[in-house]
Amino acid sequence: MPLRFYNTLTLQVEPFSPASDNTVKMYTCGPTVYDFAHIGNFRTFVFYDLLRRVLSLNGFRLNHVMNITDVDDKIIRNAVAQGKSLKDYTDIYTQAFLDDCATLRLQRPETIARATDHIDGMAKAIHTLEAHGNTYSSDGSVYFRISTFPGYGKLSHNDFSGMVAGARVDVDTYEKNDARDFALWKSPKPGEPFWDTEIGPGRPGWHIECSVMAREFLGDTLDIHAGGIDLVFPHHENEIAQSEALTGQIFSRFWLHSEFLLVEGQKMSKSLGNFYTLRDLFAKGIAPEQIRYLLASVPYRKSLNFTFDGLKSAATAIDRLRNFQLRLNTDKFQEGSAERLETLAARAQTDFRASLDDDLNTAEALAAVFEFIREANIALDSGEFKAGNVASAKAVLDSFDSFFDVLKPTVAEGGLSDMEIEKLVAERTAAKKSRDFKRSDEIRAELLEKGVILEDTKDGVRWKRK
RNA sequence: GGCGCGGUAGCCAAGUGGUAAGGCCAGGGUCUGCAAAACCCUUAUUCGUCGGUUCGAUUCCGACCCGCGCCUCCA
């Protein structure tokens, strides 16, 4: 089965491949940098990362652009309140965002574009839309007239046709329709930043940046445009109107949207006290891998209930995976190879990939891996698992981690080095050998305190970081 | 009201017209000087409710109940 995605445009799962050559032109809506991004934002950003990885697994090259919205009402309000320039203010949160993405092991898009670097392009596009008759001006602001774009509503599947001027529509309703028109360009207000452009002074509306930057870097038609589901309307609907009115071409072939995230079963909000940034979670001792695993383990089209139980569960699941990896690296094996295990490993690989290709069914993909691990653990215990089976088992974990990317622990700063740990482990082994269990237990306790867990196995001692 | 998504074991969560994946928790074991580690086993006659189609439905159809999102620049 080929790679396939649920397309919001058609409300169906469709086979995916790029329109031309082997490169996927992808645009994703990035953050508005008025504050630290929260866990709900990162559900979507992790989704982008998984999307990138499944496309790569399918052999496609990526040309992925993500925007940073660094001018909008909230940013201006906050920057003014803090007496900072727009740039000084947004630089702080832009950098914080990029740091957070790196911590969560999100692959970096090929291009990260800031809105304020593309103001002239936006002005130019608005100028063209004016020439096409899609706009009207009022007090120096420019608005997009939705009634000039017949396809309006095709993404959100809303029917606005009945609201266009007509015999049965009274004056009030008609004005409401006009109220759905949206700002392409906002005239300057006293004390607010503005740019001097060919269409006059002002600043861009929210939607135009995506249309302009997507086109600039990727051309008229994208293969994939993605975002959080709340952006379907009006943001993405308006992008389509602008872009298609501008170019006459289909703006994006596929539209992918991630579902919402709840925290402890409730909508995240500051007043409920369940509003978390990554920093908040790290301060509670949560590891980045836990967050990444939890966000990745629920398929992106299903609303995700983010809970501390879930984080704990994620940590245990990751331990299970790492423990299996540790066994593969440290157990002693008999010569030979068991055919059954090769078959199981091959099946795990096939099922894993098939699940991911099926609209990123991460839950099912995980099941394929864990099923293999259980079988392999049994075989390891019984001795059925031979030296010749190690490579294929490791390959299953490699496939898993090339996508989920959680096996490598995030090492805390100031911890023991591997050398120091090895030294203590050797000392403990010596103590054990001379049956000095008191000293032996002391060392284990000491290491545990410093985040290192020892395991005595029939093949000797092994250790791992907590 | 319109559009969209969802209700599966204590929690998270797959799935199929043919009789319920996986993870966590819990209980029971194995191993071990001990175990706090590791590993194994067990855990839904049942898939929101009520009807219908069918030899057979959790899976298809209808109605209803409940939850969530968008419809006001919120991922």
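Quantities reported herein were computed from a predicted structural model and do not represent experimental measurements.

About the criteria used
Residues numbered from 1 in each chain as written. Chains lettered and ligands numbered in written order. Predicted model: local features only at pLDDT ≥ 70, side-chain atom pairs only at ≥ 80, totals over all residues. Heavy atoms only, no water. Pairing = 2+ DSSP bridges. Helix = DSSP H or I, 4+ residues; strand = E, 2+ residues; numbered from the N terminus. Axes fitted to C-alpha atoms, helices over the stretch in contact; angles between N-to-C directions. Near = heavy atom within 4 Å. Polar contact = N/O pair within 3.5 Å; in protein donor to acceptor, adjacent residues only side chain to side chain. Phe/Tyr/Trp six-rings, centres within 6.5 Å; stacked < 30°, edge-to-face > 60°. Buried < 20%, exposed > 50% of the residue type's maximum accessible area, 1.4 Å probe, protein only. Domains from an automatic or database assignment. Disulfide = S-S within 2.5 Å.

Let us look at the sheet that holds strand β15 (residues 304-306). The strand order β14-β13-β15 describes an open sheet built from 3 strands, whose pairing is mixed. Since the sheet does not close on itself, it has two edges, and those belong to β14 (266-267) and β15, each with one partner.

So, about the sheet that holds strand β7 (residues 141-144). Pairing is antiparallel across the open sheet formed by 5 strands, whose spatial order is β6-β7-β8-β10-β9. Each edge of the sheet is formed by a strand with only one pairing partner; in this case those strands are β6 (135-138) and β9 (195-197). The mean inter-strand angle of the sheet, taken between neighbouring strand axes irrespective of direction, is 40 degrees. For β7 and strand β8 (residues 182-186), the ladder comprises 3 bridges, and the chain directions are antiparallel. Across the sheet, residue Tyr 143 finds its bridge partner in β8, namely Ala 183.

Okay, the protein's contact with RNA strand B next. Lys 186, Gly 228, Leu 231, Asp 381 and Arg 444 are the nearest of the 58 residues found near RNA strand B. Here, RNA strand B places atoms within 4 Å of the protein, and 69% of those atoms are sugar or phosphate. The separation between a sugar or linking oxygen of RNA strand B and a polar main-chain atom of Gly 228 is 2.6 Å. Contact between RNA strand B and Ser 313: a sugar or linking oxygen at 3.1 Å from a side-chain N or O atom of the residue. At 9 residues, helix α12 (residues 362-382) tops the list of elements feeding residues into the surface near RNA strand B.

The tally for this structure, following the rule as stated, stands at 22 aromatic pairs. For the pair Phe 45 and Phe 97, a centre-to-centre distance of 5.0 Å together with 70 degrees between the ring planes defines the contact as edge-to-face. Of the two residues, Phe 45 is situated in helix α1 (residues 39-57) and Phe 97 in helix α3 (residues 86-103); the sequence distance between them amounts to 52 residues. The pair formed by Phe 45 and Phe 97 is uniform in burial state, with each residue classed as buried. Ring geometry for Phe 324 and Phe 372: centres 6.1 Å apart, planes at 90 degrees, overall edge-to-face. Of this pair, Phe 324 sits in helix α10 (residues 308-330) while Phe 372 sits in helix α12; the two residues are 48 residues apart in sequence, bridging distant segments of the chain. Of the two residues, Phe 324 and Phe 372, neither departs from the other in class, the shared state being buried. A network of ring pairs unites the aromatic residues Phe 42, Phe 45, Phe 47, Tyr 48, Phe 97 and Tyr 300 as a single cluster.

Domain boundaries in chain A define domain 1 (4-258), domain 2 (278-403) and domain 3 (418-465). Each of domain 1 and domain 3 has a C-alpha centre, and these two points are 56 Å apart.

Two cysteines joined by a covalent bond between their sulfur atoms form a disulfide. Counted according to the given criterion, the structure contains 0 disulfides. No disulfide involves Cys 101; its sulfur sits 14 Å from the nearest other cysteine sulfur, which is in Cys 29. Between Cys 210, a cysteine without a disulfide, and Cys 29, which holds the nearest cysteine sulfur, the sulfur-to-sulfur distance is 4.1 Å.

We now examine unusual backbone geometry. Here the bond from Phe 233 into Pro 234 is cis, since omega is 0 degrees, no more than 30 degrees from zero. On the secondary structure map, Pro 234 appears in helix α7 (residues 232-247). One non-glycine residue, Asp 139, lies in the positive phi region at around 55 degrees. Tracing the backbone through its elements, the reader meets Asp 139 in the loop between β6 and β7. According to the relative accessible area criterion, Asp 139 is exposed, its value standing at 73%.

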